Amino acid sequence: MPITNHTELVAAMGVRMNRTDLAAAAADAIVLYEAEANRRFRAPEQLMTVVLPAAGRVVNLPADYLQEKRVTTLDQGRRRNLEPIGIDASTRYDSGTSSGSPVWYAIVDQQIELMPSPGGSMSVELVYYQTIAPLAGAPNWLLQKHPDVYLYGALKHLAILRGDDQRLSNYKGIHDEAASDLLRVSKRAQYGSALQIKVG
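The rules behind each value
Residues numbered from 1 in each chain as written. Predicted model: local features only at pLDDT ≥ 70, side-chain atom pairs only at ≥ 80, totals over all residues. Heavy atoms only, no water. Helix = DSSP H or I, 4+ residues; strand = E, 2+ residues; numbered from the N terminus. Rg over C-alpha atoms; globule rule 2.2 N^0.38 Å. Buried < 20%, exposed > 50% of the residue type's maximum accessible area, 1.4 Å probe, protein only. Contact = heavy atoms within 4.5 Å. Phe/Tyr/Trp six-rings, centres within 6.5 Å; stacked < 30°, edge-to-face > 60°. Pairing = 2+ DSSP bridges. Core = buried A, V, L, I, M, F, W, Y, C linked by side-chain atoms within 4.5 Å. Axes fitted to C-alpha atoms, helices over the stretch in contact; angles between N-to-C directions. pLDDT = per-residue confidence, 0-100. Expected span 1.5 Å × (residues − 1).

K.L.:
What should I look at first to understand the overall build of the chain in this one?
P.N.:
Broken down by element type, the chain carries six helices and 10 strands. Against the compact-globule benchmark of 16 Å for 200 residues, the chain has a radius of gyration of 21 Å, which places it well outside the compact range. Principal-axis analysis of the C-alpha atoms places the extent of the chain at approximately 65 × 40 × 30 Å. Split into buried and exposed, the 200 residues of the chain put 40% on the buried side. Taking the contacts inside the chain whose residues are at least 6 apart along the sequence as the reference set, 64% of them involve residues at least 24 apart.

What follows is the structure in C-alpha cells.
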C-alpha cells in the first residue's frame, strides 16, 4: 500500500491496528506526531532563507519559523554574521538606547532583536529551519522521503491514545530506530561524512 498523503497514512494505520473505525483517532495521532517531529528533527529539507527588512530594533520572524541557523545583516553591500546572545544577557551588551551596526541578536516572542539598534534601514538575511507542514494540508517532505518514520510515529501516538501498551512498545521501537537513521542522514548531509555523530 503506497503512503503518499494523509488519507493513505490513515488507511495504513488502520491496517496495522486491524481496525476500520479509527479515522478520527488516527488524524489526532498524526497531529500529535507532527508536534513531536518538529521538536525532534532539523533536516536539510527544513532549511529556508529569507531576506527581511529591518527598519528598527526588532524584525518579525516568518510564521513557519522553528529555529534559526544564521542571522546576517545586509547593509549597503556589506554582510555581517551576527552573534546570538540570550535575552537575559543582552543588557550586558547593549543598553537598548544605542544605535549603530548590529553585532548581536536574540530571539524574543517571534521576533529577532538586533543589538545595537540599526542606525538606519537595512535588511536581515535569516537562514532558519521551518516547521514541518501539517500533512492534513498537503504531502510534506517527511512523508515523501520517510513514510516509515511518519507511519510508526503516528501509530505510536495512536497506541498512546488507545492505551495499547503492547503496540506502543512495538511501534515506539520501530519509530525510534527509523528516526535515528533520519537524524544520522540529516547530520551527514549538513556537516559532511567526516563528522563523528552520536545519536542518543
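K.L.:
Explanation requested: the packing of aromatic side chains in the structure shown.
P.N.:
Aromatic ring pairs: the centre-centre distance and the angle between the two ring planes describe each pair. For the structure shown, the criterion picks out three aromatic pairs. Centre to centre, the rings of Y152 and Y171 are 5.9 Å apart; their planes meet at 45°, and the pair counts as tilted. Taken together, the residues Y152 in helix α5 (residues 147-162) and Y171 in helix α6 (residues 165-191) connect sequence positions 19 residues apart. In this structure Y152 comes out as buried when scored by relative accessible area, which is 18%. Assessed through its relative accessible area of 5%, Y171 is described here as buried.

K.L.:
Looking at this model, I keep getting lost on the sheet that holds strand β5 (residues 83-84). Mind explaining?
P.N.:
Hydrogen bonds along the backbone pair up the strands of a sheet, which may run parallel or antiparallel. Pairing within the open sheet is mixed, and its four strands lie in the order β2-β8-β7-β5. Strands at the two margins of the open sheet, each flanked by one partner only, are β2 (58-60) and β5. One ladder, built from five bridges, connects strand β7 (residues 104-108) with strand β8 (residues 111-115); its direction is antiparallel. In the sheet register, Y105 faces β8, and the bridge partner there is L114.

K.L.:
Is there a simple way to think about the nonpolar core in this case?
P.N.:
One broad rule of soluble globular proteins: the nonpolar side chains tend to lie buried together. Residues L9, M13, F41, L142, Y150, L151 and L155 are the most contacted members of the largest nonpolar core, which totals 31 residues. Every element with two or more residues in this core is listed here: α1 (6-17), α2 (23-40), α4 (141-145), α5 and α6. At seven residues, the largest contribution of residues to this core is made by α5. Every residue in contact with M13, bar those within four places of it in the chain, is listed here: A26, A29, I30, L151, A154, L155 and L158.

K.L.:
Explain the sheet that holds strand β10 (residues 122-130) to me, please; I cannot follow it from the model alone.
P.N.:
Strand order in the open sheet formed by four strands is β1-β10-β3-β4, and the pairing between neighbours is antiparallel. Looking at which strands have only one partner, the edges of the open sheet turn out to be β1 (47-54) and β4 (78-81). Each strand axis lies, on average, 30° off the axis of its neighbour in the sheet, ignoring direction. The sheet contact formed by β1 and β10 spans eight bridges and is antiparallel. Residue L47 lies in a different strand from β10, and its bridge partner there is Y129.

K.L.:
Got a minute to help me understand the confidence of the model for the chain in this structure?
P.N.:
Interpretation of this model should avoid reading the predicted coordinates in detail wherever pLDDT is low. Taken over all residues, the pLDDT of the chain has a mean of 91, while the share at 70 or more is 91%. Per-residue pLDDT stays below 50 along residues 194-200; that stretch engages in seven contacts with residues further than four places along the chain or on separate chains.

K.L.:
In this structure, what is going on with α5? I would like to understand it.
P.N.:
Residue pairs three or four apart in sequence face the same way in an α-helix, which turns once every 3.6 residues. Between its first and last C-alpha atoms α5 spans 22 Å; for 16 residues at 1.5 Å apiece the expected length is 22 Å, and the two agree. Looking at α5, one finds that the buried residues are V149, Y150, L151, Y152, G153, A154, L155, K156, H157, L158 and A159. At its buried positions, α5 is contacted by α1, α2, α4 and α6. Positive backbone phi, approximately 65°, marks G163, located one or two places after α5.

K.L.:
I keep staring at the pairing of β7 and nothing clicks. Help me out?
P.N.:
Taken residue by residue, a regular strand's side chains alternate between the two faces of the sheet. Bridge count for β5 against β7 is two bridges, and the pairing is parallel. Opposite P84, over in β7, you have Y105 as the bridge partner. Between the end of β7 and the start of β8, which pair antiparallel, lie two residues, with D109 showing a positive phi angle near 50°.

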